[in-house]
Amino acid sequence: MGVATARPIPKANCLASHGRFLSGLVTAMVTGLTWVGLTQIIKEAELQHLLKSPAGLTYFCSGWLMLAFPPYLLMNVLVKHKNMKEVLRESIAVYAGIQGQEARHWPHVWKTALLLFTWALALYTYFEALWRIEAADVTSLYATNHSFVYMLSWIVLFDKFVAIRILAMIFSITGIVLFAYVDGFTGNTMWGVIIAVTSSSMTAVHKVLYSKFVGDASVGQATLFLSCLGVLCLAFLWPILLAMYLTGAEVVDWERAPWHQAVAASLLLLVYQVLSVCVVHITWKEFIGIGVALSIPVCALVDGLWKSKKLSGMKLAAFALIGVGLLLILLPENWTDLVVKPFKARKKHARRQSNANSANHTLRSRLNRTTYM
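Quantities reported herein were computed from a predicted structural model and do not represent experimental measurements.

J.: Which residues make up the overall build of the chain, and what are the values?
T.: Assigned secondary structure in the chain consists of 15 helices and zero strands. Here the chain holds 373 residues, and 42% of them are scored as buried. The contacts in the chain between residues at least 6 apart in sequence include a share of 82% that link residues at least 24 apart. Accessible area of the chain: about 21100 Å², with a carbon and sulfur share of 68%.

Written out as structure tokens, the structure is:
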């Protein structure tokens, strides 16, 4: 009674951390493979001269985003037995301005329209770049959007300044310059690099605006937002597509259109986007960037081994610089503490061991004195 006993250290937090880490590895692998699959499918269709309509492909793939929310709704209603109205009320709060309140006036719909513009332009330029340069090049250049995200977040969202990320931006920009220098800053490759960098920068703008307008949304709110984005794409982008078709800016051969490849690419894009907006509820958001980093060497291997594309030393250097820059961007703000912490723990343990040895030596000397007395 009244005697303090030592209790075992709870392992719940440790197990949760390991679970989030394993989930992050799976998420990184899935996102990397889905982005590689999307890129290679579109590039293969272009190589076979079956599809060369970036605007039409953007319209078709974006429309599939409306399938993001229905699985979440069905799972909550049929599996978890929740009330459909409650699920809808909680999810639609993403447009309410104040989380947890019912959205009555929908003041944030215009923000979805702005995100629609950045989304469509980013996807259109990505597909357009695939017609001009190799899939691995476009994937690598797309990965630089994380550097642009940090720069915009520092300016718009007032994120904390981290010196190592400035170095990462320098690596990314150097990689972009090397890609442009492959053909001497001329020809189709130069325009392909410019368009790919435009896609990367517009993706960064889209991500920053999403963080500013939507923020840390729940799974239901994030998937509902994607579904609304897909519906708006179908509702408002068709006049642009029709105008390009009538003016001859884009020609679509409906008889030879590879619908199965377009559907596969759309499903992969849907999976990638759902994981991107819901990653914070599964693991740490940095694993999406790790997935994009993994897609660079995988795309390069596919181009080199399967399609027999030659990779010059300059391209390999550009791949390496952009990959290193991406990994440096993903480092946490307290990365120095995480690196130094094991050494501090080891030094502290050695100090304790030294103190214990000196204490034992002092005790032995005292015992020896007592014995001789």
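J.: How would you sum up the nonpolar core? Please name residues and give values.
T.: Within the largest apolar cluster, 71 residues are counted, with the highest numbers of intra-cluster contacts made by Ile-42, Phe-127 and Leu-141. When near neighbours in sequence (up to four residues on either side) are disregarded, Ile-42 contacts Leu-57, Phe-127, Leu-130, Trp-131 and Ala-265. Counting residues in hydrophobic clusters, the runner-up holds seven residues, among them Ile-164, Met-169, Leu-328 and Ile-329.

J.: Explain unusual backbone geometry to me, using residue names and the numbers behind them.
T.: Here His-81, not a glycine, exhibits a phi torsion of approximately 55°, which is positive. Tracing the sequence through the fold places His-81 in the loop between α3 (69-79) and α4 (84-92). Overall, the relative accessible area of 67% leaves His-81 in the exposed class.

J.: Lay out the packing of aromatic side chains in plain terms, naming residues and giving numbers.
T.: Within the structure shown, the criterion is met by twelve aromatic pairs. Ring centres 4.6 Å apart and planes at 20° place the aromatic pair Trp-35 and Tyr-142 in the stacked group. Remark: Tyr-142 occurs in helix α6 (residues 135-142) and Trp-35 occurs in helix α1 (residues 12-47); sequence separation between them is 107 residues. The exposure class of Trp-35 is buried, given its relative accessible area of 3%. Since its relative accessible area comes to 5%, Tyr-142 is described here as buried. Ring-pair connections join several aromatic residues into one group, and the members of that group are Trp-35, Tyr-126, Phe-127, Tyr-142 and Tyr-272. Of note, Arg-20 hangs over the ring of Trp-284, and the distance from its end group to the ring centre comes to 5.1 Å.

J.: Tell me about the environment of Thr-174, and name the residues and values.
T.: Inspection of the secondary structure assignment puts Thr-174 in helix α8 (residues 163-181). Each C-alpha atom of the pair Thr-174 and Gly-325 lies 9.7 Å from the other, and the pair is 151 residues apart in sequence.

J.: Before we move on, can you summarise a nonpolar patch on the surface with the specific residues and values?
T.: On the surface, a nonpolar cluster with roughly 700 Å² of combined accessible area is contributed by Trp-238, Leu-242, Tyr-245, Leu-246, Trp-254 and Trp-259. Of the residues forming the nonpolar patch, the biggest block, four residues, is contributed by helix α11 (residues 238-246). Mapped onto the elements, Leu-246 comes out in helix α11.

J.: Quick rundown of the packing of helix α2 (residues 54-63) against helix α12 (residues 259-278)? Include the residues and the values.
T.: Look at α2 against α12: their axes get within 8 Å of each other, and the N-to-C directions meet at 55°. With respect to α12, the element α2 is oriented oblique. Viewed along their axes, α2 and α12 form a crossing whose handedness is right-handed. Along the contact surface, α2 presents Leu-57, Phe-60 and Cys-61, while α12 presents Trp-259, Ala-262, Val-263, Ser-266 and Leu-269. Among the residues forming the contact of α2 with α12, the class breakdown is seven nonpolar, one polar and no charged.

J.: Report on the confidence of the model for the chain, specifying residues and quantitative values.
T.: Per-residue confidence for the chain averages 82 on the pLDDT scale, and 79% of its residues sit at or above 70. Across residues 1-10, where pLDDT falls below 50, the model places zero contacts with residues more than four positions away in sequence or in other chains.

J.: Any chance you could break down the pattern of salt bridges for me, citing the residues and the numbers?
T.: Opposite charge on two side chains makes pairing possible when the charged atoms of those side chains draw close. Counted according to the given criterion, the structure contains three salt bridges. A salt bridge links Glu-134 to Lys-309; its shortest N-O distance comes to 3.7 Å. Taken as a pair, Glu-134 in the loop between α5 (109-130) and α6 and Lys-309 in the loop between α13 (286-306) and α14 (313-329) lie far apart in primary sequence, 175 residues in all. For Lys-309, a relative accessible area of 29% corresponds to the partly exposed category. Between Asp-137 and Lys-315 there is a salt bridge, and its shortest N-O distance comes to 2.8 Å.

J.: So what's going on with the packing of α8 against helix α9 (residues 187-213)? Residues and values would help.
T.: The interhelical angle for the contact between α8 and α9, taken along N-to-C directions, is 155°, at an axis separation of 8 Å. By the angle between their axes, α8 is roughly antiparallel relative to α9. From α8, Ile-176, Phe-179 and Ala-180 reach across to α9, where they touch Thr-189, Met-190, Val-193 and Val-197. Tallied by class, the residues present in the contact of α8 with α9 amount to six nonpolar, one polar and no charged.

J.: Run through α14, naming residues and quoting values.
T.: One full turn of an α-helix is made of 3.6 residues, so residues set three or four places apart face in the same direction. Along its 17 residues, α14 runs 24 Å from first to last C-alpha, staying within 8% of the 24 Å computed at 1.5 Å per residue. Of the residues making up α14, those classed as buried are Lys-315, Ala-318, Phe-319, Ile-322, Gly-323, Gly-325, Leu-326, Leu-328 and Ile-329. Buried residues along α14 sit in contact with α6, α7 (145-156), α8 and α13.

J.: Give me the side chain of Ser-295: which residues, what numbers.
T.: Along the polypeptide, Ser-295 turns up in helix α13. Using a relative accessible area of 0% as the deciding quantity, one classes Ser-295 as buried. In this structure, Ser-295 is in contact with Gly-32, Trp-35, Val-36 and Thr-139, ignoring residues within four places of it in sequence.

Thresholds applied
Residues numbered from 1 in each chain as written. Predicted model: local features only at pLDDT ≥ 70, side-chain atom pairs only at ≥ 80, totals over all residues. Heavy atoms only, no water. Helix = DSSP H or I, 4+ residues; strand = E, 2+ residues; numbered from the N terminus. Buried < 20%, exposed > 50% of the residue type's maximum accessible area, 1.4 Å probe, protein only. Contact = heavy atoms within 4.5 Å. Areas by Shrake-Rupley, 256 points an atom, 1.4 Å probe, with all protein chains shown as cover. Core = buried A, V, L, I, M, F, W, Y, C linked by side-chain atoms within 4.5 Å. Phe/Tyr/Trp six-rings, centres within 6.5 Å; stacked < 30°, edge-to-face > 60°. Lys NZ or Arg CZ within 6 Å of the ring centre and 35° of its normal. Patch = residues over 30% accessible without salt bridge, like charges linked within 9 Å, V, L, I, M, F, W, Y side chains within 5 Å. Salt bridge = Lys/Arg side-chain N within 4 Å of Asp/Glu carboxyl O. Axes fitted to C-alpha atoms, helices over the stretch in contact; angles between N-to-C directions. Parallel < 35°, antiparallel > 145°, perpendicular 65-115°, else oblique. Left-handed = near helix turned anticlockwise from the far one by under 90°. Nonpolar A, V, L, I, M, F, W, Y, C, P; charged D, E, K, R; others polar. pLDDT = per-residue confidence, 0-100. Expected span 1.5 Å × (residues − 1).

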